[in-house]
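Here are the chains, one letter per residue:
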Amino acid sequence: MRVLGIDPGLTRCGVGVVEGQPGRPGKLVGYYVVYTEPDDDIALRLLHLDRALGELVAEHRPESVAVERVFSQHNTQTITGTAQASGIAILAGARAGLPVQTYTPSEVKAAVTGSGTAGKAQVTSMVTRLLGLDGPPRPADAADALAIAICHIWRGGTRARLQAAALKAARSSAPAARRPGVRR
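Residues numbered from 1 in each chain as written. Predicted model: local features only at pLDDT ≥ 70, side-chain atom pairs only at ≥ 80, totals over all residues. Heavy atoms only, no water.

A.B. asks: So, the nonpolar core: which residues are in play, and what are the values?
C.D. replies: Val18, Val127, Leu131 and Ile150 are the most contacted members of the largest nonpolar core, which totals 21 residues. Elements with a contribution of two residues or more to this core: α3 (105-113), α4 (120-130) and α5 (140-173). Broken down by element, the residue count for this core peaks at seven residues, all from α5. Setting aside its immediate chain neighbours within four residues, Val127 contacts Val112, Leu133, Pro137, Ala143, Leu146, Ala147 and Ile150. If you look at the next biggest cluster of nonpolar residues, it comprises 20 residues, including Leu4, Leu53, Val65 and Leu98. (Core = buried A, V, L, I, M, F, W, Y, C linked by side-chain atoms within 4.5 Å. Buried < 20%, exposed > 50% of the residue type's maximum accessible area, 1.4 Å probe, protein only. Helix = DSSP H or I, 4+ residues; strand = E, 2+ residues; numbered from the N terminus. Contact = heavy atoms within 4.5 Å.)

Encoded structure:
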């Protein structure tokens, strides 16, 4: 199974692509960080993120997309940008017709390290070990995205396949008038 993991962020959005099977070490396909300039117009930043994620999905052709779920922070400006980036990440998978699953930071940490309270250094160390890398992926956004992909392979792969099959069946049997769309 090939998974594109996304650690959403508006200034730095980590993307990691991993192939693997539940319970086995994965294989690194690639990792990236999509950057946007904080001083640029928000619409342009979101458009850049949308295009970049769309290109990465098209290039790597994952079977599913995993996105870290936005959690409450004290800085509302940061959480707003993260939530916007998360929406773009989810849309990138949906636009490609892929199943998309979200995971909380604690779920990702627990899947990769065995502890939902692990620190960033522990997560990065385990990602490096699990993927057999010579050194830790940098920056941390990339390591986090790889951890999200690993989490999905180990925890959500089966669930995602079942959801994709159900969605495909529902789309093929739904009458055209009932399909979602724009109504005037």
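The discussion continues.
A.B. asks: Just give me the short version of the pattern of salt bridges, but keep the residues and values in it.
C.D. replies: Under the defined criterion, the tally for this structure stands at four salt bridges. In this structure, the salt-bridge partner of Arg12 is Asp141, at a minimum N-O distance of 2.8 Å. You can see Arg12 sitting in strand β2 (residues 12-19) and its partner Asp141 sitting in helix α5, a full 129 residues away along the chain. Here Lys120 ties to Asp144 by a salt bridge, and the two come within 2.6 Å at their closest N and O atoms. (Salt bridge = Lys/Arg side-chain N within 4 Å of Asp/Glu carboxyl O.)

A.B. asks: Tell me about helix α1 (residues 42-60), residues and numbers included.
C.D. replies: Between its first and last C-alpha atoms α1 spans 27 Å; for 19 residues at 1.5 Å apiece the expected length is 27 Å, and the two agree. By the burial criterion, the buried members of α1 are Arg45, Leu46, Leu49, Asp50, Ala52, Leu53, Leu56, Val57 and His60. Two to three positions downstream of the cap, the backbone nitrogen of Ala43 sits 3.0 Å from a side-chain oxygen, assigning the N-cap of α1 to Asp41. Just downstream of α1, Arg61 is the residue with a positive phi angle, here 45°. (Expected span 1.5 Å × (residues − 1). Polar contact = N/O pair within 3.5 Å; in protein donor to acceptor, adjacent residues only side chain to side chain.)

A.B. asks: How would you summarise the side chain of Arg45 if you had to cite specific residues and measurements?
C.D. replies: In this fold, Arg45 is placed in helix α1. There is no salt bridge for the buried Arg45, and the closest opposite charge comes from Asp40, which lies 6.2 Å off by N-O distance. (Lys, Arg positive; Asp, Glu negative; His and termini not counted.)

A.B. asks: Can you lay out the sheet that holds strand β5 (residues 100-103) for me, pointing to particular residues and giving the numbers?
C.D. replies: One open sheet accounts for five strands, arranged β3-β2-β1-β4-β5; its pairing is mixed. The open sheet terminates on both sides in strands that have one partner only, identified here as β3 (27-35) and β5. The average undirected angle you get between the axes of adjacent strands in this sheet is 20°. Of the strand pairs in this sheet, strand β4 (residues 64-68) and β5 are connected by four bridges, and their pairing is parallel. Bridging from a neighbouring strand, Glu68 pairs with Tyr103 of β5. Its contacts with the sheet place α1 against β1 (2-7), β2 and β3, and it is angled at close to 165° to β3. (Pairing = 2+ DSSP bridges. Axes fitted to C-alpha atoms, helices over the stretch in contact; angles between N-to-C directions.)

A.B. asks: Any details on the pairing of β4? Residues and values, ideally.
C.D. replies: Within β4, five of the five residues are buried, leaving the element largely enclosed by the surrounding structure. Residues Ser64, Ala66 and Glu68 point to one face of β4 and Val65 and Val67 to the other, with burial holding for every one of them. Alignment of β1 against β4, held across four bridges, turns out to be parallel. Within the sheet, the bridge partner assigned to Ile6 lies in β4 and is Val67.

A.B. asks: Could you give an account of unusual backbone geometry, naming the residues involved and the relevant values?
C.D. replies: Cis peptide bonds are those with omega within 30 degrees of zero, and the linkage from Arg138 to Pro139 qualifies with -5°. Here Pro139 shows up in the loop between α4 and α5. Look at Arg61: it is not a glycine, yet its phi comes out positive at around 45°. Counting through the fold element by element, Arg61 comes out in the loop between α1 and β4.

A.B. asks: Quick one: what's the story with the environment of Gly156, residue by residue and with numbers?
C.D. replies: For Gly156, the location among the structural elements is in helix α5. Looking at Gly156, the relative accessible area reads 0%, which means it is buried. Separated by 55 residues in the primary sequence, Gly156 and Gln101 have C-alpha atoms spaced 7.5 Å apart. Sequence-distant contacts of Gly156, that is, excluding residues within four places in its chain, are made with Tyr103 and Cys151.

Everything listed is a geometric property; what it means functionally is a separate question.
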